[in-house]
Amino acid sequence: MEQFFPSIDHAILRAELARRIPDPGVLWLVDRILESGAGVLSDVYQMVYFPGDDLFAAHRPRGLPIGNLTSQFWANVYLNPFDHFVRRELGCKAYLRYVDDFVLFADDKERLWAWKRAMVSRLARLRLTIHPGAHPRPVAEGLPFLGFVVYPYRRRLKRRKGIYYRRKLHALLKAYQRGEIPLEDVNASVLGWVNHLRYGNTVGLRKAVLSSQRITPGNSFKTYDREIASMLTCSRSLRWGG
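What comes next is a walk through the structure. Everything numeric in this text was worked out from a predicted model, so none of it was measured.

**Description of the side chain of Arg 206**
The residue Arg 206 is located in helix H8 (residues 203–210) in this model. In this structure Arg 206 comes out as buried when scored by relative accessible area, which is 19%.

**Here's the deal with unusual backbone geometry**
In terms of backbone geometry, most residues other than glycine have negative phi values and most peptide bonds are trans. With phi around 50 degrees, Gln 3 is a residue other than glycine that occupies positive phi space. Gln 3 gets classed as buried once you look at its relative accessible area, which sits at 19%. Residues other than glycine seldom take positive phi values, yet Arg 127 does so here, at roughly 60 degrees.

**Overview of the packing of aromatic side chains**
Under the counting rule described, the total for this entry stands at five aromatic pairs. Ring geometry for Phe 4 versus Phe 5: centroids 5.1 Å apart, planes at 70 degrees, classification edge-to-face. Taking the relative accessible area as the measure of exposure, Phe 5 reaches 10% and is therefore buried. In this structure an aromatic cluster arises from ring pairing among Phe 82, Phe 85, Tyr 95 and Phe 102. Across from the ring centre of Tyr 151, 4.2 Å away, lies the NZ or CZ of Arg 154, which sits over that ring.

**Points about the environment of Tyr 153**
Tracing the chain through its elements places Tyr 153 in the loop between strand S4 (148–151) and strand S5 (154–157). Tyr 153 sits in the exposed class, given a relative accessible area of 82%. When the C-alpha atoms of Tyr 153 and Ala 140 are compared, they prove to be 9.4 Å apart, with 13 residues separating the residues in sequence.

**Focus: the layout of surface pockets**
Volume-wise, the largest pocket comes out at about 1,100 Å³. As for the largest pocket, its lining consists of 36 residues, and the residues nearest its centre are Asp 101, Phe 102, Val 103, Ala 134 and Pro 144. Breaking the lining of the largest pocket down by element, the ones donating at least two residues are strand S2 (101–104), helix H5 (109–125), strand S3 (143–145) and helix H6 (159–177). At five residues, H5 tops the list of elements feeding residues into the lining of the largest pocket. Among the residues forming the lining of the largest pocket, the class breakdown is 21 nonpolar, five polar and 10 charged. Quantified by volume, the second largest pocket comes out at close to 180 Å³. Residue lining of the second largest pocket: Leu 146, Gly 147, Leu 157, Lys 161, Tyr 164, Tyr 165, Lys 168, Trp 193 and His 196, and that is the complete set. Every element with two or more residues in the lining of the second largest pocket is listed here: H6 and helix H7 (183–197). Looking at side-chain class alone, the lining of the second largest pocket contains five nonpolar, two polar and two charged residues.

Analysis parameters
- Residues numbered from 1 in each chain as written.
- Predicted model: local features only at pLDDT ≥ 70, side-chain atom pairs only at ≥ 80, totals over all residues.
- Heavy atoms only, no water.
- Helix = DSSP H or I, 4+ residues; strand = E, 2+ residues; numbered from the N terminus.
- Buried < 20%, exposed > 50% of the residue type's maximum accessible area, 1.4 Å probe, protein only.
- Phe/Tyr/Trp six-rings, centres within 6.5 Å; stacked < 30°, edge-to-face > 60°.
- Lys NZ or Arg CZ within 6 Å of the ring centre and 35° of its normal.
- 1 Å grid on protein atoms, 1.4 Å probe; cavity = no way out; pocket = protein on both sides within 12 Å on 5 of 7 lines; lining within 4 Å.
- Points joined across faces, edges and corners; volume = space filled by probe spheres on them.
- Nonpolar A, V, L, I, M, F, W, Y, C, P; charged D, E, K, R; others polar.

Function cannot be inferred from these measures alone, as they are strictly geometric.
So this is what it looks like as structure tokens:
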């Protein structure tokens with residue numbers, strides 16, 4: 001979905017939570033958490049008007065801070081009615097969703113187009129929109145899902161994500177060489193990226209990106225952690241330069 005976390009409408013979410021939570025004290029806490037997130041992502045949100053909106057719709061409280069534990073859970077609460085719609089009303093038997101990333105499978109392209117039209121209409125009730133590029137495609141072409149392109153027998157990282165991380169790592173190493181950040185920050189970034197990529201067929205990509213980088217110790221150089229160094233050496237990750 002497009003602009004998912006910035007688009008989550010507080011009134012809709014609060015009503016959905018109130019359906020399941022009878023405790024006034026818990027709902028009071030819910031309100032305080034929602035208030036703290038109002039407008040937190042307003043700088044990245046582009047206003048979308050839905051049927052029946054007036055000019056005041058732009059001032060509706062919306063947005064959940066990405067990373068909060070409540071945000072991750074409440075995102076599923078928010079989309080729970082949509083899940084039931086897809087499974088029960090559309091009758092889709094092969095449906096996957098992880099937060100705002102979802103895929104529907106069918107053997108009939110016309111059915112998929114009909115489902116998309118129905119989903120656009122249903123998501124409008126939640127004040128959500130689908131990415132313009134979302135459309136039916138053969139699974140043999142690969143399906144974009146959770147940062148990967150998923151094929152029947154392999155998973156590849158999206159090309160733009162590989163390019164982005166190559167540039168990010170280069171910037172981190174430059175900052176380390178200038179003594180602006182400790183080496184541990186570079187380690188944490190590399191390990192986080194490798195941990196994400198291990199869910200795909202990405203050994204060649206990891207070697208290509210990491211083996212192209214050289215580390216020149218900066219002013220804040222400290223002993224390199226042996227366990228991390230061993231892992232990176234085994235994967236031909238970072239080369240050291242004097």
